[in-house]
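If you want the building blocks of each chain, they are given just below.
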Amino acid sequence: GGHSSGGVSTWGGGVASDIIVPVGALAATVVHHNSINHSAHTPPAVANLFSGAIKSITQPVSMNTQKPIPEKAENGVDLHTEVEEKEKGMEEGEIMKELEVQTQLDSELCPSVPGLQMSCIRGTDLFGYIGIEAVLDQMRCKTMKAGFEFNIMVVGQSGLGKSTLVNTLFKSKVSRKSCAPDYEEKISKTVKLHSVSHLIEEKGVKMKLTVIDTPGFGDQINNDNCWEPIVKYVNEQYEKYLREELHINRKRRIPDTRVHCCIYFIPATGHRLRPIDVEFMKRLGKIVSIVPVIAKADTLTIEERQEFKERIRQDLAANGIHVYPQREYDEDPEERILNNRIRENIPFAVVGTDKEHQVNGNKVLGRKTKWGIIEVENVAHCEFANLRDLLIRSHLQDLKDVTHNIHYETYRVRRLNESNLNFSELGLSAVPLENGTADKCESDSHL
Amino acid sequence: MTSNIRYKSRIPVKTEDSTEEKQYVGFATLPNQVHRKSVKKGFDFTLMVAGESGMGKSTLVNSLFLTDLYKDRKLLNAEERINQTVEIIKHTVDIEEKGVKLKLTIVDTPGFGDAVNNNQCWKPITDYIDQQFEQYFRDESGLNRKNIQDNRVHCCLYFIPPFGHGLRPVDVEFMKALHEKVNIIPLIAKADCLTPNEIKKLKDRIREEIDKFGIKVYQFPECDSDEDEEFKQLDKELKECTPFAVIGSNTVVEARGQRVRGRLYPWGIVEVENQSHCDFVKLRNMLIRSHMHDLKDVTCDVHYENYRAQCIQEMTSKLAQDNRMESPIPILPLSTPDVDTEKLIKMKDEELKRMQEMLTKMQQQMHDKDQ
């Protein structure tokens with residue numbers, strides 16, 4: 001059980017007072033104590049949690065479990081559907097994070113409350129177990145109840161297997177093709193965006209998945225500016241969110257329709273990027289996280305695939321295109337190493353299918369041809385599993401964070417700096433808008 | 001109008017009856033004579049390949065003719081591609097097999113369909129084909145016809161991507177722009193990314209759309225009624241298999257104990273010449289072994305004649321408008337005609353003009369005299 005200890009410093013100031021929970025209460029909520037190696041889980045992880053929570057105060061995203069519409073968890077810790085994986089990952093990153101977090105905390109807290117003296121007590125200095133880490137479990141419970149929202153956009157020419165890939169990723173018929181009863185495989189004359197939402201549940205975790213399809217992209221003879229409707233859509237979602245955020249009476253949970261991830265399908269020609277690929281990714285790479293994939297990769301041998309990928313990476317670098325995971329957003333060396341490994345491997349060469357076949361007595365997802373069966377989830381055959389792991393199992397929360405903290409913030413700053421913006425237009429009382437930071441303080445006081 | 005010259009030798013039936021022998025003239029050996037002459041002279045064939053980058057055109061050409069025509073090719077990077085226009089590149093190679101010489105010309109069309117805006121991207125190609133017709137027309141009407149070079153395009157292989165659900169707008173427009181100028185044979189490229197079911201669906205879809213849009217692709221000639229059943233059956237199968245789903249390969253792999261042209265994947269080996277894997281063999285047989293001559297004939301008799309008729313019509317209407325005297329030699333804006341022939345033609349033209357003038361003068365004089 002936890003002891004109450006006098007070692008906890010009181011962090012004065014209005015900022016931190018919301019977070020401190022009376023120690024007694026903590027002791028009562030310690031769960032899974034014995035299963036957690038708490039020497040590794042003391043303050044660093046918790047402090048990280050706090051720093052994440054602190055970040056959330058300066059960003060007006062509330063966490064409320066009452067609304068049925070799930071809200072994404074705003075914190076610095078990835079929450080996965082598989083608990084064991086996460087704990088493993090956390091143990092690895094502990095030592096690195098410890099050092100980083102201290103400085104992070106100092107810099108987070110001090111500017112808001114100038115002149116504050118603060119001391120940090122490390123877990124190894126405590127002479128007992130407090131149980132602060134139990135907050136993690138509390139958060140996990142909350143988010144399990146609340147669920148997640150995830151919006152994924154698929155872009156590419158007709159017939160590249162977009163619908164099939166999305167269905168295979170989420171192991172259910174979530175694409176527009178599977179949902180529309182009168183779906184016809186016709187090439188539309190203009191680029192129209194369609195979105196379809198589904199509620200998926202796995203091990204008690206609910207996810208509201210929205211798939212945004214872009215039929216007509218790149219299918220015409222003249223494809224000039226075919227990316228414009230897509231740019232417009234992405235910005236419209238940011239605008240919607242911004243307006244909600246700036247209201248006086250804000251919703252407790254702002255519905256998040258922003259595009260968290262855009263999968264761009266490159267046809268497996270084996271040569272290089274085409275002009276349309278470059279033009280699209282140049283423009284969209286600045287406002288959304290793009291994950292390029294090589295579609296229908298079962299027409300490339302392993303050697304051809306490697307050469308193709310290398311040339312694509314060269315073309316991306318030459319054109320200044322930053323795809324996800326972007327190098328400049330790596331938060332710490334640990335993450336950098338992990339993301340470097342991913343960056344060396346993109347774009348992933350994928351094959352998708354919803355059909356199963358028997359291979360060596362097992363039922364596998366695959367494509368059956370006269371010369372063999374291509375197993376979609378076999379990493380020796382194609383990189384579908386790598387893509388799935390990236391998108392869902394390891395970086396799902398990160399995709400959302402990057403969208404919220406970086407892309408959305410960039411949009412927001414740009415919009416608010418546009419001189420013509422009149423707050424009264426948005427239904428608010430006039431607030432003097434001096435500069436970006438001044439605005440932030442205003443929204444803080446709204447809390 | 002096209003005759004399949006198949007070199008079945010007709011051995012005269014020797015009978016005991018001497019009357020039969022007397023009635024035998026012997027011109028049945030003509031095909032053999034033609035055969036011998038052709039072998040001496042050699043054949044030429046011009047094949048055009050069109051389609052987007054990365055469809056496997058070069059690989060297929062190499063596989064068809066068992067050569068490596070594209071050894072020193074350099075792929076443009078994405079930046080260079082943005083400003084790329086459609087080019088026409090010719091590769092010529094002389095192939096000899098069993099004493100028969102073939103001068104093969106491959107006309108490549110890099111840049112086709114690669115840009116963001118592909119409006120009229122087929123224009124350089126149609127212009128090229130027209131130019132070859134013009135040149136032939138000129139040569140044919142010229143004075144020195146001994147060594148006419150036939151650069152007309154006999155066949156155009158069009159590569160349809162396997163990724164789509166049928167024909168795309170650019171495919172339809174391209175084929176419609178060219179179907180009355182050249183024999184188009186549509187192919188489904190990179191067919192190793194399709195399962196047998198998908199291939200069948202795609203072929204049906206494409207055939208449907210070709211009918212719907214009124215595209216006149218190359219039609220195999222009907223079998224003569226006196227052909228044997230086996231041939232007829234093969235012919236029927238061939239026709240039902242279009243468009244051919246092809247796979248090409250520059251590499252040789254080991255499969256089932258043999259060395260074959262193929263592609264090695266982690267999940268299996270695709271053999272290019274295996275009929276159950278793809279239609280490569282059918283294409284090769286059709287293109288080279290059975291229908292090469294027919295393709296040339298159709299080019300000469302149909303496409304070229306259409307062009308020529310159109311050209312002459314335009315000329316006569318133009319000349320009638322200008323009220324000029326008709327010149328027997330066509331005066332066309334051509335790229336670079338031979339300087340000597342040009343001079344010769346000019347000379348003759350002037351001579352003819354003078355003669356015409358003299359004639360009208362004489363006529364006038366006679367008319368005056370009468371009066």
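Every value quoted in this text rests on a predicted model; they were computed, and no experiment measured them. (Residues numbered from 1 in each chain as written. Chains lettered and ligands numbered in written order. Predicted model: local features only at pLDDT ≥ 70, side-chain atom pairs only at ≥ 80, totals over all residues. Heavy atoms only, no water.)

Student: Hey, could you run me through the overall build of chain A in this one?
Tutor: Secondary structure summary: chain A contains 15 helices and nine strands in total. Scored against the burial criterion, the 447 residues of chain A give a buried share of 50%. Considering only contacts within chain A whose residues lie at least 6 apart along the sequence, 72% involve residues at least 24 apart. Entry remark: accessible area of chain A is about 21,000 Å², with carbon and sulfur atoms responsible for 52%. (Helix = DSSP H or I, 4+ residues; strand = E, 2+ residues; numbered from the N terminus. Buried < 20%, exposed > 50% of the residue type's maximum accessible area, 1.4 Å probe, protein only. Contact = heavy atoms within 4.5 Å. Areas by Shrake-Rupley, 256 points an atom, 1.4 Å probe, with all protein chains shown as cover.)

Student: Looking at this structure, how should I read the overall build of chain B?
Tutor: Across its full length, chain B carries eleven helices and nine strands. Taking all 371 residues of chain B together, the buried fraction comes to 42%. If you take every contact in chain B between residues at least 6 apart in sequence, the share linking residues at least 24 apart comes to 69%. Total accessible area on chain B is roughly 21,900 Å²; 50% of this is exposed by carbon and sulfur atoms.

Student: Is there a simple way to explain the sheet that holds strand E5 (residues 290–295) of chain A in this structure?
Tutor: Either a parallel or an antiparallel arrangement is found when strands of a sheet pair, and the pairing is made through backbone hydrogen bonds. Residues and elements named next belong to chain A. Within the open sheet, the six strands sit side by side as E2-E3-E1-E4-E5-E6. Their pairing is mixed. The two strands at the open ends of the sheet, each matched to only one other strand, are strand E2 (194–202) and strand E6 (348–349). Of the pairings in the sheet, the one linking E5 to E6 comprises two bridges and is parallel in character. If you follow Ile294 over to E6, its bridge partner there is Ala349. (Pairing = 2+ DSSP bridges.)

Student: Sorry, what's going on with the environment of Thr316 of chain B here?
Tutor: Residue and element names in this part refer to chain B. Relative to the helices and strands, Thr316 is located in helix H10 (residues 292–322). For Thr316, a relative accessible area of 36% puts it in the partly exposed group. From its side chain, Thr316 meets the backbone oxygen of Gln313 in a polar contact 2.9 Å long. (Polar contact = N/O pair within 3.5 Å; in protein donor to acceptor, adjacent residues only side chain to side chain.)

Student: Would you mind going over the UniProt feature "site: Important for dimerization" (unreviewed entry) in chain B with me for this structure?
Tutor: Within this numbering scheme, the UniProt entry marks Phe163 of chain B as carrying the feature "site: Important for dimerization" (unreviewed entry). Those residues within four positions of Phe163 of chain B in sequence are excluded, and the remaining contacts are Ser158, Gly159, Leu160, Pro267, Ala268 and Lys296 of chain A together with Met55 and Cys193 of chain B. (UniProt positions renumbered as here; feature names shortened; annotations may be inferred.)

Student: Would you mind showing me how to read the pattern of salt bridges here?
Tutor: All names here are of chain B. Scanning the model with the defined rule gives 42 salt bridges over all chains in all. The partner of Lys200 in a salt bridge is Asp204, with the nearest N and O atoms 3.3 Å apart. Note that Lys200 and Asp204 are positioned in helix H7 (residues 196–213) at a spacing of four residues, about one turn of the helix. Of the residues examined, Lys200 reaches a relative accessible area of 54% and is grouped as exposed. (Salt bridge = Lys/Arg side-chain N within 4 Å of Asp/Glu carboxyl O.)

Student: Please clarify how the interface of chain B and chain A should be interpreted in this entry.
Tutor: In many analyses, interface size is given as the accessible surface area lost on bringing the parts together. With 46 residues of chain B at the contact, the number on the chain A side is 45 residues. Roughly 4,000 Å² is buried in total at the junction of chain B and chain A, and carbon and sulfur atoms are behind 59% of that figure. Among the residues of chain B in contact with chain A, Val116, Phe163 and Trp267 of chain B are the three that bury the most area, contributing 22% of the side total. Here chain B and chain A share two salt bridges between them. In this assembly, chain B and chain A are joined by twelve residue pairs in polar contact (both at pLDDT 80 or more). Breaking the side of chain B that touches chain A down by element, the ones donating at least two residues are helix H4 (78–82), helix H6 (169–178), H7, strand E8 (258–265) and strand E9 (268–271) of chain B. If you tally residues by element for the side of chain B that touches chain A, the top one is H4 of chain B, at four residues. When its residues are assigned to classes, the side of chain B that touches chain A shows 23 nonpolar, twelve polar and eleven charged. (Buried area = accessible area lost by both parts, 1.4 Å probe. Nonpolar A, V, L, I, M, F, W, Y, C, P; charged D, E, K, R; others polar.)

Student: Hey, could you run me through the side chain of His260 of chain A in this one?
Tutor: Residue and element names in this part refer to chain A. Relative to the helices and strands, His260 resides in the loop between helix H9 (228–246) and strand E4 (261–267). Owing to a relative accessible area of 0%, His260 belongs among the buried residues under this scheme. Side-chain polar atoms of His260 contact the side chain of Asp256, separated by 3.0 Å. Filtering out sequence-adjacent residues up to four positions away, His260 remains in contact with Glu149, Phe150, Asn151, Ser289, Leu399, Lys400 and Thr403.

Student: Quick question: what am I supposed to make of the confidence of the model for chain B here?
Tutor: Do not read the predicted coordinates in detail wherever pLDDT is low. All names here are of chain B. Per-residue pLDDT for chain B has a mean of 82; in total, 85% of the residues score no lower than 70. Overall, residues 1–10 carries pLDDT values under 50, and its contacts beyond four positions in sequence, including any with other chains, amount to 14 contacts. Confidence metrics for the complex model read pTM 0.71 and ipTM 0.73. (pLDDT = per-residue confidence, 0-100.)

Student: Whenever I open this one, the sheet that holds strand E7 (residues 356–359) of chain A confuses me. Can you help?
Tutor: Residue and element names in this part refer to chain A. In spatial order, the strands read E7-E8-E9; together these three strands make up an open sheet with antiparallel pairing. Edge positions in the sheet fall to E7 and strand E9 (372–375), since each of these pairs with one other strand and no more. Taken over all neighbouring pairs, the strand axes of this sheet differ in orientation by 65 degrees on average, direction set aside. Here four bridges tie strand E8 (residues 362–369) to E9, and the two strands are oriented antiparallel to one another. The residue of E9 that forms the bridge with Gly366 is Glu375. (Axes fitted to C-alpha atoms, helices over the stretch in contact; angles between N-to-C directions.)

Student: Can you help me understand the environment of Asp114 of chain B in this one?
Tutor: Here Asp114 of chain B lies in the loop between strand E3 (100–108) and helix H5 (123–141). In this view, Asp114 of chain B contacts Pro275 of chain A together with Glu52, Ser53 and Gln84 of chain B; residues no more than four positions away in its chain are not counted. Within the local environment of Asp114 of chain B, its side chain forms a polar contact with the side chain of Ser53 of chain B, the two groups lying 2.5 Å apart.

Student: Would you explain helix H7 (residues 162–169) of chain A in this entry?
Tutor: Since one α-helical turn is 3.6 residues long, residues separated by three or four positions face the same way. By the criterion of burial, H7 of chain A is predominantly enclosed, with seven of the eight residues buried. Immediately beyond the C-terminal end of H7 of chain A, within one or two residues, lies Lys171 of chain A, with a positive phi of roughly 50 degrees.

Student: So what exactly am I meant to see when it comes to a nonpolar patch on the surface here?
Tutor: All names here are of chain B. There is a patch of nonpolar side chains on the surface, built from Val25, Phe27 and Leu30 and spanning about 350 Å² of accessible area. The topology assignment puts Val25 in the loop between helix H1 (18–23) and helix H2 (30–41). With relative accessibility at 67%, the residue Val25 sits in the exposed group. (Patch = residues over 30% accessible without salt bridge, like charges linked within 9 Å, V, L, I, M, F, W, Y side chains within 5 Å.)

Student: Would you take a moment to explain the pairing of E9 of chain A for this structure?
Tutor: On a regular strand, one side chain projects to one face of the sheet and the next to the other, so that they alternate. Going residue by residue along E9 of chain A, you find Gly372 and Ile374 of chain A tucked away on one face and Ile373 and Glu375 of chain A tucked away on the opposite face as well. In textbook terms, the turn of a hairpin is the stretch between consecutive antiparallel strands, and for E8 of chain A and E9 of chain A this stretch comprises two residues.

Student: Please clarify how the packing of aromatic side chains should be interpreted in this entry.
Tutor: What characterises a pair of aromatic rings is the spacing of the ring centres plus the angle enclosed by the ring planes. The final tally for this structure, using the stated rule, is 14 aromatic pairs over all chains. Ring geometry for Tyr241 of chain A and Tyr408 of chain A: centres 5.0 Å apart, planes at 80 degrees, overall edge-to-face. Here Tyr408 of chain A lies in helix H14 (residues 396–417) and Tyr241 of chain A lies in helix H9, a separation of 167 residues in the sequence. Of the two residues, Tyr241 of chain A and Tyr408 of chain A, neither departs from the other in class, the shared state being buried. Among the aromatic residues, those joined into a ring-pair cluster are Tyr238, Tyr241, Tyr408 and Tyr411 of chain A. Against the face of Tyr241 of chain A rests Arg258 of chain A, its NZ or CZ located 3.6 Å from the ring centre. Note that Arg152 of chain B overlies the ring of Tyr136 of chain B, its terminal NZ or CZ placed 3.6 Å from the centroid. (Phe/Tyr/Trp six-rings, centres within 6.5 Å; stacked < 30°, edge-to-face > 60°. Lys NZ or Arg CZ within 6 Å of the ring centre and 35° of its normal.)

Student: Help me understand the nonpolar core in this model?
Tutor: As a rule of thumb, nonpolar side chains are buried together in soluble globular proteins. In this structure, Phe280 and Met281 of chain A together with Leu157 and Phe174 of chain B are the most contacted members of the largest nonpolar core, which totals 159 residues. The biggest single contributor to this core is H9 of chain A, with seven residues. Non-local contacts of Met281 of chain A, meaning those with residues more than four positions away in its chain, are made with Tyr264, Ile266, Leu273, Ile290, Pro292, Leu316, Ile321 and Val323 of chain A. (Core = buried A, V, L, I, M, F, W, Y, C linked by side-chain atoms within 4.5 Å.)

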